[in-house]
Amino acid sequence: MGSEIDMESQTCSSDQEPTAIFKNVNRPVFLKFEDVVYTVEIKKARCLKTKSKKSEERNILKGVTGAVLPGEMLAILGPSGSGKTTLLTSLGGRLSGQLSGSITYNDKPFSNQMKRNMGRSFEATKCKNIIISGPMKRGVSGGERKRVSIGQEILINPSPLFLDKPTSGLDSTTAQRIVSTLWELARGGRTVAMAIHQPSSRLFYMFHKVLLLPDGNPLFFGKGASVMDYFSSIAYSPFVHMTLADYLLDLANGKNVADAYACVPSNEVDKEQKAVKDALATSYKSNLAHIEGRD
Ligand SMILES: Nc1ncnc2c1ncn2[C@@H]1O[C@H](COP(=O)(O)OP(=O)(O)OP(=O)(O)O)[C@@H](O)[C@H]1O
């Protein structure tokens, strides 16, 4: 594999000195975001009759709050189009436009110094014109590209480190290697935040914090280990065996139990799902809409 960065071989066992990239971070960062709202203006097509161009505002993030300590790994979960990438981009200081609320790094706003220390691995990252492969020199697969992209970022010993769906499209073993590597990086005092689609249960339990974000509206923020206790406490529990992430995504879509709406007329399903989402959003506001972080 020639020049491929082998992240797995970088993992340290307890009787070895940690490899350079897993050594403690130089600058620990406490990341805090409060009531983050992001609005875009959507231009509509010109009306032929009046010849006027209409536009409307759309809130992509609707008041998202959370905190990640040095040494912690945050997973942002939610259905497609729910605002996960937008939130990560805003945390990375790269979102222009109507952004309000507060995002701080060690209680200070975004700065050029912070930008230099940050690592970002987003889906659009390409290894264009770089040949990283074997004798056939055929370039890289999607999984290899993701690993190289993450490897490139961690070489600068970054913190915080933001990753957009680092495991999407990968087999479960490779996905686990990647998340284990990120967990090791967090253990060295880095602040790690990632958007992720449906992590398996063994991945889920590696996350210190979880943010569930349907429609840009948080339904849960807190310790990964306490997520089911929270939903049970407000009377939401899965009746059938399903992975934690599947259940959370069902809730985020307003679906309380598997097949819950099988006998409900389709025009009623939307209403039912909205009612579940509204109830969860209300519970979030009264129970969790405060900063949890330093404990
Ligand atoms: N600048 C923009 N202008 C208009 N719409 C936008 C803009 N940025 C984001 N959106 C919309 O906001 C929504 C959230 O997008 P985002 O990419 O953050 O979702 P996501 O949760 O990461 O989705 P996925 O899991 O499918 O990648 C989408 O509907 C997207 O089209």
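All figures in this text were calculated on a predicted structure; none of them were measured in a lab.

Colleague: Can you help me understand helix H3 (residues 142-154) in this one?
Modeller: Taking 1.5 Å of rise per residue, 13 residues should cover 18 Å, and H3 covers 19 Å from first to last C-alpha, within 8% of that figure. All of the buried residues in H3 are Gly143, Glu144, Lys146, Arg147, Val148, Ser149, Ile150, Gly151 and Ile154. Elements in contact with the buried residues of H3: strand E5 (119-121), strand E6 (161-164) and helix H4 (172-187).

Colleague: Is there a simple way to explain the site of the ligand in this structure?
Modeller: Near the ligand you find 14 residues, and of these Lys84, Thr85, Thr86, Lys165 and His197 are the closest. At 3.3 Å, a side-chain N or O of arginine 58 approaches an oxygen atom of the ligand. Lysine 165 places a polar side-chain atom, nitrogen or oxygen, 2.6 Å from an oxygen atom of the ligand. For the ligand, the protein covers 63% of the area, taking 640 Å² as the surface of the free molecule. Listed by contribution, the elements that provide at least two residues to the shell around the ligand are strand E1 (31-46), strand E2 (53-68) and helix H1 (84-91).

Colleague: Help me out: how do you make sense of the sheet that holds strand E3 (residues 73-77) in this one?
Modeller: The 6 strands are arranged E5-E6-E7-E3-E8-E9 in an open sheet whose pairing can be described as mixed. Every other strand in the sheet has two partners, leaving E5 and strand E9 (220-223) as the edge strands with one partner each. In this sheet, neighbouring strand axes are inclined to one another by 10 degrees on average, regardless of whether the strands run parallel or antiparallel. The pairing of E6 with strand E7 (residues 192-195) spans 4 bridges and is classified as parallel. Looking at E7, one finds that leucine 163 is bridged to methionine 194. The strands touched by H1 are E3, E6, E7 and strand E8 (209-212); relative to E6, the strand with the most contacts, the crossing angle is about 160 degrees. Taken strand by strand, H3 contacts E5 and E6, and its axis lies near 170 degrees from that of E5.

Colleague: Help me out: how do you make sense of the pairing of E6 in this one?
Modeller: Remark: a regular strand shows side chains that alternate across the two faces of the sheet. Going residue by residue along E6, you find Leu161 and Leu163 tucked away on one face and Phe162 and Asp164 tucked away on the opposite face as well. With 3 bridges joining them, E5 and E6 adopt parallel strand pairing. Within E6, the residue paired with arginine 120 across the bridge is phenylalanine 162. Chirality of the crossover, the property in question, places the unit of E6, H4 and E7 among those that are right-handed.

Colleague: Can you help me understand the nonpolar core in this one?
Modeller: In this structure, Phe33, Met73, Leu182 and Phe231 are the most contacted members of the largest nonpolar core, which totals 68 residues. Apart from residues no more than four positions distant in its own chain, methionine 73 is found in contact with Val179, Leu182, Trp183, Ala186, Val192, Met194, Met206, Phe207, His208 and Lys209.

Colleague: Sorry, what's going on with the packing of aromatic side chains here?
Modeller: Ring pairs (aromatic) are described by centroid distance and by the angle formed between their planes. Using the criterion set out here, one finds 5 aromatic pairs in the structure. Where tyrosine 230 meets phenylalanine 231, the ring centres are 5.1 Å apart and the plane angle is 65 degrees; that geometry is what we call edge-to-face. Residue classification places tyrosine 230 among the buried residues on the basis of a relative accessible area of 8%. Clustering of aromatic rings is evident, with ring pairs tying together Phe220, Tyr230 and Phe231.

Colleague: I keep staring at the packing of H3 against H4 and nothing clicks. Help me out?
Modeller: With their axes 12 Å apart at the nearest point, H3 and H4 run at an angle of 10 degrees to one another. Relative to H4, the element H3 is oriented roughly parallel. Counted together, Arg147, Ile150 and Ile154 of H3 and Thr174, Ile178, Leu182 and Leu185 of H4 form the full contact between these two elements.

Calculation criteria
- Residues numbered from 1 in each chain as written.
- Predicted model: local features only at pLDDT ≥ 70, side-chain atom pairs only at ≥ 80, totals over all residues.
- Heavy atoms only, no water.
- Helix = DSSP H or I, 4+ residues; strand = E, 2+ residues; numbered from the N terminus.
- Expected span 1.5 Å × (residues − 1).
- Buried < 20%, exposed > 50% of the residue type's maximum accessible area, 1.4 Å probe, protein only.
- Contact = heavy atoms within 4.5 Å.
- Near = heavy atom within 4 Å.
- Polar contact = N/O pair within 3.5 Å; in protein donor to acceptor, adjacent residues only side chain to side chain.
- Areas by Shrake-Rupley, 256 points an atom, 1.4 Å probe, with all protein chains shown as cover.
- Pairing = 2+ DSSP bridges.
- Axes fitted to C-alpha atoms, helices over the stretch in contact; angles between N-to-C directions.
- Right-handed = clockwise from strand over helix to strand, strands pointing away.
- Core = buried A, V, L, I, M, F, W, Y, C linked by side-chain atoms within 4.5 Å.
- Phe/Tyr/Trp six-rings, centres within 6.5 Å; stacked < 30°, edge-to-face > 60°.
- Parallel < 35°, antiparallel > 145°, perpendicular 65-115°, else oblique.

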